[in-house]
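Reading the structure
This is what each chain is made of:
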Amino acid sequence: MTSPADPPNGAGASGPGLKLLAVTACPTGIAHTYMAAEKLAQAAESLGHSMKVETQGSIGAENVLSDNDVSQADGIIIAADKDVDRSRFVGKRVLVVGVADGIHRPQRLIEQVLDAPVYEGDGSGAGRGGASGAAASGGGGGGGSKGRSVTYKALMNGVSYMIPFVVVGGLLIAVSLALGGDTTSKGIVIPDDSFWKTVNDIGSVGFELMIPALSGYIAYAIADRPALVPGMVGGWIAAHGELYDSEAGAGFIGAIVTGFLAGYLVLWIKRVKVPKFVQPIMPIIVIPIVATSALGLFFIYVLGEPISWVFEQLTDWLGGLTGTSAAVLGIILGLMIAFDMGGPVNKTAFLFGAGLVSKNPEVMGACAAAIPVPPLGQGLATLLRRRMFDDQERETGLAGLFMGFFGITEGAIPFAAARPARVIPANMVGGAVAGAIAGVASVEDNVPHGGPIVAVLGAVGGVPMFFVAVVVGTAVTALVTIALMSVGGGAVGASATAGGAATAGGAGVVGGAGVVGGAGVVGAEGGDSGAPSVMGEPVLAEVGGGGRAGEASGAAGEAAGGAAGARKAVAPQGVAAETGEVEAVPAGQVLSGYLTEQTVKERLAADGKDAAIREMAELLAVTGKVADTAELVRAAFAREDQGTTGLGEEIAIPHAKTDAVTAPVVGFARSPEGIEWGAPDGTKARLVFMIAVPEADAGDEHLRILALLSRKLMGVEFRERLLGAGDVGAILGVLGEIG
């Protein structure tokens, strides 16, 4: 007997008869989603099947699969490196792989989907991310790499949702302290009956929620909505040490731990087989209650005791250091203050200093100098090397500078959570330097608070050396951060790119004509990989609009016609159909007029990537649409720091969203010798396109241009003709096929 999920009798991977569906999505750029969709569609058509591909991006899902499509489908391929809702595919064979697999081995995926498990809902069949997902993908060499990618994306998801709480809470607290605070022996205190006390309380609520948000959205990225409550409750418990008899909570490090514990605990519970009548209440009642209870009890009774013990031991140890070298004590306090920024180690040092304010204010002086260093240092780093950070991080850096001034160390947490191995050591080195200078100079702080604000309000003795300590410590943190990011490849998007490459199972030239190889090619536009709403891709259309091949005479022909027609339907303004037809475009204009004779260069003089970007920017400037060439170059460099725009196959598409241009503009140039662009397949870029769009047009238009280029450049014959074109006119003739 044939299962409803099975293909028609006689249908095979290479014969007529299958109606397939696919969903492609990638959080780190446009090219991968588009290429995967195109390659899957082409492979299906070559094997005699019809396929409709839904693509998901920040401009919304396009070519959405209908209920009718799903009901008639013989198999569904999900090639995605971000969350895709699978609830609509219950009862169907679902194959779950990374987006790179859709590019690299589409025919093999079509063969494998016939044997894929039937998806039966949450926790069964084609699993999400973890073991089930690996099984559904049919093994392959990317298992461990996929796990690494999921871990990175989950962490970044938590960080992206935490940042607004840090910024809003921190700034409200800082403003209320500045405008309503009074310097007292207990620190900077706001009178209870003051308006600014209310503002401070609101900010404190936002600040308290940042740790649960970090934990909750890490868990959410791993196991979806059922993990959100366990993650948030776990984060709240981690942040409130009084629940496990500790004077300090576990801070953001504890939140990261609870987030991953909650996520993977929920994944494990999802895999438990339960009766069908219980399945509807699993995600909304059973899983959240069981996971929240188990995680909460585990943290309080298992992890809480060691945290409390560490706090007590550190306090006793610091007490034994009283009277030792001021420099040594300052270094130790600075290291502790900067380590976990609000966690038990930080709180131990702070409370130790606060307890000695009346007897030995020099101890609090060392703490006060170290407290602002992490946020000030990270903020300074975003100013010194802007292109290493995405827009959100640069904004967080500015907020960090403000919070650092008011002694709010937690302003650096978003940076530390995103890159702990680079940021935490940098913070600690800077904190140690600031603490040592303040200790040697006998800087005094007469209130239990830190940051430049205490000096401005007159609570610090030895103000000049206090500011020297803060400035030097800040500079050290910023420079060490930049150095570690440069050496370790920690610029924003680099980790995402690495994760993407790992998911792809390594970068290399992909077999098959016209495939642009590699993962992480076009990098993360928003730096927010892993978040549910991230910059994505536009895209493809239905391939093969006819019914099941073989159901009526001429069905195969209808499928082929549907493929060509669908492709043409989504190709804006003159994009070539597969038949070779090219709609008329104005002479000398390509890509809706954004690329013209003015912006085409037969030969680049540059022999390096940076020089080539500058040369391309100057080429675009001749149109009069570039208001600030230097800023355009800076924006393009910033984009390169997020991940190489070298696609492989001798192609590079540097691009920038910047108000340095007044209208969208595209340039093209060739380099016969090739330019090293860091492409995944190791090839040098000989075909270089540069795209620049204003911020206001950076949504659909930016994505559309990239989509048109990435699709057309997949053709080997097209690239060969572009390389062989004799002059600018001939180049425009070839490029005119794009639109």
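Residues numbered from 1 in each chain as written. Predicted model: local features only at pLDDT ≥ 70, side-chain atom pairs only at ≥ 80, totals over all residues. Heavy atoms only, no water.

Some details on the overall build of the chain
Within the chain one finds 26 helices and 16 strands. Counting over 739 residues, the chain shows a buried share of 58%. Long-range contacts, defined here as pairs at least 24 residues apart, represent 74% of the contacts in the chain between residues at least 6 apart. If you sum the accessible surface of the chain, you get close to 26,700 Å²; carbon and sulfur atoms cover 59% of it. (Helix = DSSP H or I, 4+ residues; strand = E, 2+ residues; numbered from the N terminus. Buried < 20%, exposed > 50% of the residue type's maximum accessible area, 1.4 Å probe, protein only. Contact = heavy atoms within 4.5 Å. Areas by Shrake-Rupley, 256 points an atom, 1.4 Å probe, with all protein chains shown as cover.)

Things to note about helix α11 (residues 326-340)
Helical periodicity: at 3.6 residues per turn, an α-helix aligns residues three or four positions apart in one direction. In this model, α11 (15 residues) spans 23 Å end to end at C-alpha, consistent with the 21 Å of a helix rising 1.5 Å per residue. All buried positions along α11 are accounted for by Leu329, Gly330, Ile332, Leu333, Gly334, Met336, Ile337, Ala338 and Asp340. Against α9 (251-270), α10 (282-321), α12 (344-355), α13 (361-370), α14 (373-384) and α17 (420-440) lie the buried residues of α11. One or two steps after α11, the chain reaches Met341, where phi turns positive at roughly 45°. (Expected span 1.5 Å × (residues − 1).)

Looking at the pairing of strand β3 (residues 75-80)
For β3, the tally of buried residues reaches six of six residues, placing the bulk of the element in the interior. Side chains of β3 alternate between two faces, with Gly75, Ile77 and Ala79 and Ile76, Ile78 and Ala80 buried alike. With six bridges connecting them, strand β1 (residues 19-25) and β3 associate as parallel partners. Bridging from a neighbouring strand, Leu20 pairs with Gly75 of β3. One ladder, built from four bridges, connects β3 with strand β4 (residues 94-97); its direction is parallel. Bridge pairing links Ile76 to Val94 in β4. (Pairing = 2+ DSSP bridges.)

So, the nonpolar core
In terms of nonpolar packing, the biggest core is built from 72 residues, with Leu214, Ile218, Phe252, Ile256, Val454 and Phe466 touching the most fellow members. If you tally residues by element for this core, the top one is helix α6 (residues 143-180), at 12 residues. Apart from the residues lying within four places of it in its own chain, the contact partners of Val454 are Ile188, Asp445, Val447, His449, Ala459, Val460 and Phe466. One finds Leu595, Ile691, Leu709 and Ile738 within the second-largest nonpolar core, a separate group that totals 31 residues. (Core = buried A, V, L, I, M, F, W, Y, C linked by side-chain atoms within 4.5 Å.)

So, the sheet that holds β4
Judged by pairing direction, the sheet is parallel, and its four strands sit side by side in the order β2-β1-β3-β4 without closing on themselves. Edge strands, defined here as strands with exactly one partner in the open sheet, are β2 (50-55) and β4. Each neighbouring strand pair of the sheet contributes to a mean axis angle of 15°, computed without reference to strand direction. On the sheet, helix α4 (residues 106-113) packs against β1, β2, β3 and β4 and is oriented at approximately 135° with respect to β3. (Axes fitted to C-alpha atoms, helices over the stretch in contact; angles between N-to-C directions.)

A closer look at the packing of α9 against α10
At a minimum axis separation of 10 Å, α9 and α10 run at an interaxial angle of 135°. With respect to α10, the element α9 is oriented oblique. When the axes of α9 and α10 are compared, the crossing they make is right-handed. Here Gly254, Val257, Thr258, Leu261, Ala262, Leu265, Val266, Ile269 and Lys270 of α9 come into contact with α10, specifically with Met282, Ile287, Val290, Ala291, Ala294, Leu295, Phe298, Phe299 and Leu303. Classifying every residue of the contact of α9 with α10 by side-chain character gives 15 nonpolar, two polar and one charged. (Parallel < 35°, antiparallel > 145°, perpendicular 65-115°, else oblique. Left-handed = near helix turned anticlockwise from the far one by under 90°. Nonpolar A, V, L, I, M, F, W, Y, C, P; charged D, E, K, R; others polar.)

Digging into the pairing of β1
Within β1, seven of the seven residues are buried, which leaves the element mostly enclosed by the surrounding structure. Here β1 shows a buried face lined by Lys19, Leu21, Val23 and Ala25 and a second buried face lined by Leu20, Ala22 and Thr24. Across six bridges, the pairing between β1 and β2 is parallel. Bridging from a neighbouring strand, Lys19 pairs with Ser50 of β2.

Structural notes on a negative patch on the surface
Together, Asp245, Glu247, Glu305, Glu312 and Asp316 line one region of the surface with negative charge. With respect to the helices and strands, Asp245 occurs in the loop between α8 (228-239) and α9. On the basis of relative accessible area, Asp245 is assigned to the exposed category, the value being 67%. (Patch = residues over 30% accessible without salt bridge, like charges linked within 9 Å, V, L, I, M, F, W, Y side chains within 5 Å. Salt bridge = Lys/Arg side-chain N within 4 Å of Asp/Glu carboxyl O. Lys, Arg positive; Asp, Glu negative; His and termini not counted. Charge placed at Lys NZ, Arg CZ, Asp CG, Glu CD.)

What to know about the packing of aromatic side chains
Inspection of every chain in the model, using the stated rule, returns 10 aromatic pairs. Centroid distance Tyr161 to Tyr217: 3.9 Å. Interplanar angle 5°. Geometry classified as stacked. Of this pair, Tyr161 sits in helix α6 while Tyr217 sits in helix α7 (residues 195-223), placing them 56 residues apart in sequence. Its relative accessible area of 19% is what places Tyr217 among the buried residues. When the centroid spacing of 4.7 Å and the interplanar angle of 40° are considered together, the rings of Phe668 and Phe689 count as tilted. Pair noted here: Phe668 is in strand β15 (residues 665-675) and Phe689 is in strand β16 (residues 685-693), with a separation of 21 residues, a long-range link. In this structure Phe668 comes out as buried when scored by relative accessible area, which is 0%. (Phe/Tyr/Trp six-rings, centres within 6.5 Å; stacked < 30°, edge-to-face > 60°.)

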